[in-house]
Amino acid sequence: MSVAPAVSAAPARTFPKDFFWGASSAAYQIEGATEEDGRGPSIWDTFTARGLIKDGSSARVACDHYHRFAEDIALMKQAGFTAYRFSLAWPRILPAGRGAVNPAGLAFYDRLVDEVLKAGIRPMACLYHWDLPQALEDEGGWRNRAIADAFADYARIAVARLGDRVPDWFTLNEPNVVAINGHGSADHAPGLRLGDQGVLTVLHHQNLAQGDAFRAMQAERSGLRFGTVCNLQPARPESDRPEDRAAAIRWDAVWNRVPLDGVLRGAVPDVLAESMQEIVQPGDLERIRFPIDLLGINYYSRMTMRYEPGRLFDVGWGDPHAERYTGMGWPVQPDGLYDLLLEFKQLYGNPAVFIAENGAAYDDVVSPDGAVHDPERVAFLRDHIREVGRALAAGCNVKGYLVWSLLDNFEWAEGLTKRFGIVRVDYDTLTRTPKDSYRWFAETIRTGHVA
Ligand code: BGC
């Protein structure tokens, strides 16, 4: 779909000198080499093998970042990135999820981190971006409380090896997506439909595992900064009907509050207190709370909710009535980012945050001269970065902005069909071609200013 970018009336913004800029990525989406150097299978390999990826593709090669990371980091450096958030593949480091460590897996991350540092970029490591070792899934995965031990041990091993060079450690990427998409609607691995209680259980076990991991990392090494990454979306009711309003409150609790209230307050949201009573055990609330240094916020759009009995939490998706949509069919709602940053500041006392992911897929076209002109993506990034500027002016404690993503990559169940990169990847030749948005972003970083 091609829609003319809207002209926003937001004022021009100059960002603070120490504001950090860069991109985020996930191991499974870019690395490839899924069967190399002793990596164990993950739930996404199993999901893919079941034929559940829309275009029938797999992540076996993906962007081949495992072999081409130096080239990719050179692109980051050329664009002036000052930070890069990547994830570690748990099954590369611990092929069976726990127990024997794979030295070749750790060695890969040594090489990667060294290259990032050599480029003058701050490495930010995320421990879990959805590629759970299949062996742990076979023990019940996130349904099983015992996963907390395995996760804490993995975190400790990673920090022991890389903590001398990586200052920032993030535990989970989007626990709400893991719970809802992986264990509620079955469109992500492990492809389960557990119902409301199952989804809440998976959310709570991620909170537990995360709390244990923070303490394990802290005990292993001092001087590190800790955080987690949440996908936050303001939930709005489709109408003023009381049942739609109640649906939006319920969805907000499941989607935004369980992860946030867990780590920041050691609490479960009131509307879910009764449902979570049988899941939360004595001592759990102290375990899930941790004084993090930096919260990563992933923002893509708002959510419009309506009462729909029979769906998860009796909540369905309403019509957002947006003027623009991305290639994923998601509404483009930059002001939702401003709303959520302000709401977050009001609710949680303004701790330090950064935008850990923001970006858009569009159906890019390669011009006859080989260039990729992507004005819609440029408009998307510009409009969202402006809103970050507006939030900063309103006193929000935002420290940086990372685009999703540097490269086109394996977009989970959508396979290779959806392109989020500011750099195009030709999946036949693996050639990287910076798009117009890459140059626009580089210029924004250089000037620290968005017009
Ligand atoms: C995830 C990414 C994903 C992106 C676009 C985020 O929810 O963290 O892995 O590719 O959204 O769907």
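The structure this text deals with has already been given above.
Residues numbered from 1 in each chain as written. Predicted model: local features only at pLDDT ≥ 70, side-chain atom pairs only at ≥ 80, totals over all residues. Heavy atoms only, no water.

What's the story with the environment of Ala-267 in this structure? I'm lost.
Of note, Ala-267 is situated in the loop between α10 (242-265) and α11 (273-276). Along the chain, Ala-267 and Trp-440 lie 173 residues apart, while their C-alpha atoms are 42 Å from each other. For Ala-267, the residues in contact, after removing those within four places along its chain, are Asp-261, Gly-262 and Leu-285. (Helix = DSSP H or I, 4+ residues; strand = E, 2+ residues; numbered from the N terminus. Contact = heavy atoms within 4.5 Å.)

Just checking my understanding: could you explain the site of the ligand for this structure?
Surrounding the ligand, one finds 13 residues, the nearest of these being Gln-29, His-129, Glu-174, Glu-357 and Glu-411. Between the ligand and Glu-357, the relevant distance is 2.9 Å, taken from an oxygen atom to a side-chain nitrogen or oxygen of the residue. Within the side chain of Glu-411, one N or O atom sits 2.6 Å away from an oxygen atom of the ligand. When the ligand sits alone it has 300 Å² of accessible area, and the protein chains cover 95% of it. Cavity membership is defined here by more than half of the atoms lying within 2 Å of grid points; on that basis the ligand lies in the largest pocket. (Near = heavy atom within 4 Å. Polar contact = N/O pair within 3.5 Å; in protein donor to acceptor, adjacent residues only side chain to side chain. Areas by Shrake-Rupley, 256 points an atom, 1.4 Å probe, with all protein chains shown as cover. 1 Å grid on protein atoms, 1.4 Å probe; cavity = no way out; pocket = protein on both sides within 12 Å on 5 of 7 lines; lining within 4 Å. Sits in = over half its atoms within 2 Å of the grid points.)

Can you walk me through the pairing of strand β11 (residues 353-357) in this structure?
Both faces of the sheet carry side chains from a regular strand, because those side chains alternate between them. Taking burial as the measure, the five residues of β11 include five buried ones, the bulk of the element. Pairing between strand β8 (residues 294-298) and β11: four bridges, direction parallel. In the sheet register, Leu-295 faces β11, and the bridge partner there is Val-353. Viewed along the sheet, the connection from β11 through helix α14 (residues 375-393) into strand β12 (residues 398-403) turns out right-handed. (Buried < 20%, exposed > 50% of the residue type's maximum accessible area, 1.4 Å probe, protein only. Pairing = 2+ DSSP bridges. Right-handed = clockwise from strand over helix to strand, strands pointing away.)

Just checking my understanding: could you explain the pairing of strand β2 (residues 20-24) for this structure?
For β2, a buried count of five out of five residues is recorded, marking the element as mostly surrounded by other parts of the structure. Relative to β12, β2 is paired through four bridges, and the arrangement is parallel. Bridged to Ala-23 within β12 is Val-403. The pairing of β2 with strand β3 (residues 83-87) spans three bridges and is classified as parallel. Of the residues in β3, the one forming a bridge with Gly-22 is Ala-83.

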